[in-house]
Amino acid sequence: MKVGILTSGGDAPGINATIRGVGKTAINNYGMQVIGIQNGFSGLLYKDIVELSDQSLSGILNVGGTILGTAREKVFRKMINSPDEKDQEQIKNAYHELELDCLICIGGNGTQRTTWMLSELGLNVVGIPKTIDNDIYGTDVSFGFDTAVNIATDAIDRLHSTASSHRRVMVIELMGHHAGWITLYAGMAGGADIILLPELGFNMKVVIGKIRKRMELGKAYSIVAVAEGVEVPASERPAAYFAREIQEQTGFETRETVLGYIQRGGSPSPYDRNLGTLLGGHAAELIHEGRFGRMVAKLGSQISDVPLSEVAGKLSLVTPNTDLVVQGKRMGISFGIW
Ligand code: F6P
């Protein structure tokens, strides 16, 4: 069998571990031929490919990013949705001209939706969930998330010492697109005093009141973790908006940090390396068994798989009943709401 692998959407630590897991399992356990499709779905259309071997898959387990390159896929998705059948024919022809028996798509929500659409076109596909945001419905966790939380937590830990030295309020903005998972997990692990999530919204009176209360209790500084997806009235980034409002309304010196792409860079955590390895191996197993149109997943303690038709494009978001939200509230950590 000939298997194609592509990576699409934002990069994440652990992609190369996943490519290695798929490739080495397919080659060594099932005797398959494996090709890498470069720069996302456009690489499929333009046959931008590279042969992958056991040798070329060595030495990438701990390497960040993706050896295949990636891209956002608006053009390709437009083609798939196009009412003009010629566009879909072009995609199917590209797949068949490469003589693929299956295409593995490593990506986030958008990618899994595109992968499901390819399945609907009759192509043999398997999806592998990938994102630091951890917002992919159908899996308990995606690789990239653990590494991003480690990076963000280390950043928050470092803010404590400078905030304490200057008796300042520090606001740090973390990634997550429309989801607050990174901010929730890193905020709680890093001991943030206020954690602001897009799913919960905020009341500025509550935020200001919490800062004031801490100062009245003699707490010399405060740490505010805010997710980039929190909607703020001004055209400012959330971190700048909250830092300005807090300083203006409390008079306390406040500074902001936007951690940004640091959360996506560098070597994956051991957890993400092993999660990617296990998910990749399961994808190869699904192909060997001829079970296509599915997304591999971590469900509880098990590596499993779910139908793309049931999960594609759906979001997994924080709720008020998420365990760390409930526990944080019980401890007096503010989520910016009454
Ligand atoms: O989906 C991962 C992510 O890092 C989000 O957290 C972030 O909002 C987005 O990608 C940034 O997209 P881009 O890399 O296209 O700027």
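Right above here is the structure, for reference.
The shown structure was predicted, so the numbers you read here are calculated from the model rather than taken from an experiment.

## Considerations on the overall build of the protein chain
Check the secondary structure of the protein chain and you find twelve helices and eleven strands. What you see for the protein chain is a C-alpha radius of gyration of 22 Å, in line with the 20 Å of a compact globule of 338 residues. Across the 338 residues that make up the protein chain, the buried fraction comes to 54%. In the protein chain, the share of contacts with a sequence separation of at least 24, taken over all contacts with a separation of at least 6, comes to 72%. When the 32 basic and 36 acidic side-chain charges of the protein chain are each reduced to a single mean position, those positions are 7 Å apart.

## Points about the site of the ligand
Around the ligand, the neighbouring residues are R72, T131, I132, D133, M175, G176, H177, E228, Y261 and R264. Here H177 contributes a backbone N or O atom positioned 3.5 Å from an oxygen atom of the ligand. With respect to the ligand, the side chain of E228 contributes an N or O atom lying 2.6 Å from an oxygen atom. For the ligand, whose unbound accessible area comes to 400 Å², protein coverage reaches 74%. Because more than half of its atoms lie within 2 Å of the grid, the ligand is assigned to the largest pocket. Along the lines of polarity and charge, the residues of the shell around the ligand split into three nonpolar, three polar and four charged. Lining the shell around the ligand are residues from two domains, each supplying at least three of them: domain 1 (2-144 + 268-311) and domain 2 (146-264).

## A few points about the sheet that holds strand β11 (residues 302-307)
A sheet is described by the order of its strands in space; here seven strands give the open sequence β3-β2-β1-β4-β5-β10-β11, paired in mixed fashion. Bordering the open sheet on either side are β3 (49-52) and β11, each of which pairs with just one other strand. Across the sheet, the mean angle separating the axes of adjacent strands is 30° when strand polarity is ignored. Contacting β4 (102-107), β5 (125-129) and β10 (294-299), helix α5 (residues 109-120) runs over the sheet at an angle of about 170° to β5.

## Let's talk about the packing of helix α8 (residues 204-216) against helix α9 (residues 238-250)
Here α8 crosses α9 at 60°, and the two axes come no closer than 10 Å. Of the possible angle classes, the one that applies to α8 and α9 is oblique. Between α8 and α9 the crossing geometry is right-handed. Contacts from M204, V207, I208, I211 and R212 in α8 reach Y241, F242, E245, I246, Q249 and T250 in α9. Tallied by class, residues from the contact of α8 with α9 come to seven nonpolar, two polar and two charged.

## As for the packing of helix α1 (residues 15-30) against helix α10 (residues 270-288)
Contact geometry for α1 and α10: axes closest at 7 Å, N-to-C directions at 40°. The angle between α1 and α10 places the two elements in the oblique class. Classified by chirality, the crossing of α10 by α1 is right-handed. On α10, the residues touching A17, T18, R20, G21, V22, T25, A26 and Y30 of α1 are R273, G276, T277, G280, G281, A284, E285 and H288. Grouping the amino acids of the contact of α1 with α10 by side-chain chemistry returns five nonpolar, eight polar and three charged.

## Some details on the nonpolar core
Counting residues in each nonpolar core, the largest one holds 58 residues, and the members touching the most others are I5, I104, I128 and F335. Of all the elements, helix α6 (residues 145-166) adds the most residues to this core, at eight residues. Mapping this core onto the domain boundaries places at least three of its residues in each of domain 1 (2-144 + 268-311) and domain 2 (146-264). The residues contacting I128, other than those within four sequence positions of it, are T18, V22, I104, C105, I106, G107, Q112, F143, L279, G280, A283 and V296.

## Notes on the environment of N124
Tracing the sequence through the fold places N124 in the loop between α5 and β5. Here N124 falls in the partly exposed class, since its relative accessible area comes to 27%. Sequence separation between N124 and E285 is 161 residues; the distance between their C-alpha atoms is 14 Å. Ignoring any residue separated from it by four or fewer positions in sequence, one finds N124 in contact with Y95, D101, C102, L103 and F292. At 3.0 Å, the side chain of N124 and the backbone oxygen of D101 are in polar contact.

## Let's talk about the pattern of salt bridges
Pairing between side chains of opposite charge can happen when their charged atoms approach one another. Scanning the entire structure with this criterion turns up 16 salt bridges. The partner of E236 in a salt bridge is R244, and the shortest N-O contact between them spans 2.6 Å. The class of R244 is partly exposed, set by a relative accessible area of 28%. With a closest N to O distance of 2.4 Å, R294 and D305 form a salt bridge.

## Considering the layout of surface pockets
Of the voids in this model, the largest pocket is the one considered here, and its volume is about 700 Å³. Lining the largest pocket are 33 residues, and of these G10, R72, T131, D133 and H177 sit closest to its centre. Contributing elements (two or more residues each) for the lining of the largest pocket: α3 (74-81), α5 and β6 (169-174). Examining the composition of the lining of the largest pocket, we find that three residues originate from one element, α5, more than from any other. Among the residues making up the lining of the largest pocket, the classes are represented as seven nonpolar, 14 polar and twelve charged. Here the lining of the largest pocket spans two domains, since at least three of its residues come from each of domain 1 (2-144 + 268-311) and domain 2 (146-264).

Rules and cut-offs
Residues numbered from 1 in each chain as written. Predicted model: local features only at pLDDT ≥ 70, side-chain atom pairs only at ≥ 80, totals over all residues. Heavy atoms only, no water. Helix = DSSP H or I, 4+ residues; strand = E, 2+ residues; numbered from the N terminus. Rg over C-alpha atoms; globule rule 2.2 N^0.38 Å. Buried < 20%, exposed > 50% of the residue type's maximum accessible area, 1.4 Å probe, protein only. Contact = heavy atoms within 4.5 Å. Lys, Arg positive; Asp, Glu negative; His and termini not counted. Charge placed at Lys NZ, Arg CZ, Asp CG, Glu CD. Near = heavy atom within 4 Å. Polar contact = N/O pair within 3.5 Å; in protein donor to acceptor, adjacent residues only side chain to side chain. Areas by Shrake-Rupley, 256 points an atom, 1.4 Å probe, with all protein chains shown as cover. 1 Å grid on protein atoms, 1.4 Å probe; cavity = no way out; pocket = protein on both sides within 12 Å on 5 of 7 lines; lining within 4 Å. Sits in = over half its atoms within 2 Å of the grid points. Nonpolar A, V, L, I, M, F, W, Y, C, P; charged D, E, K, R; others polar. Domains from an automatic or database assignment. Pairing = 2+ DSSP bridges. Axes fitted to C-alpha atoms, helices over the stretch in contact; angles between N-to-C directions. Parallel < 35°, antiparallel > 145°, perpendicular 65-115°, else oblique. Left-handed = near helix turned anticlockwise from the far one by under 90°. Core = buried A, V, L, I, M, F, W, Y, C linked by side-chain atoms within 4.5 Å. Salt bridge = Lys/Arg side-chain N within 4 Å of Asp/Glu carboxyl O. Points joined across faces, edges and corners; volume = space filled by probe spheres on them.

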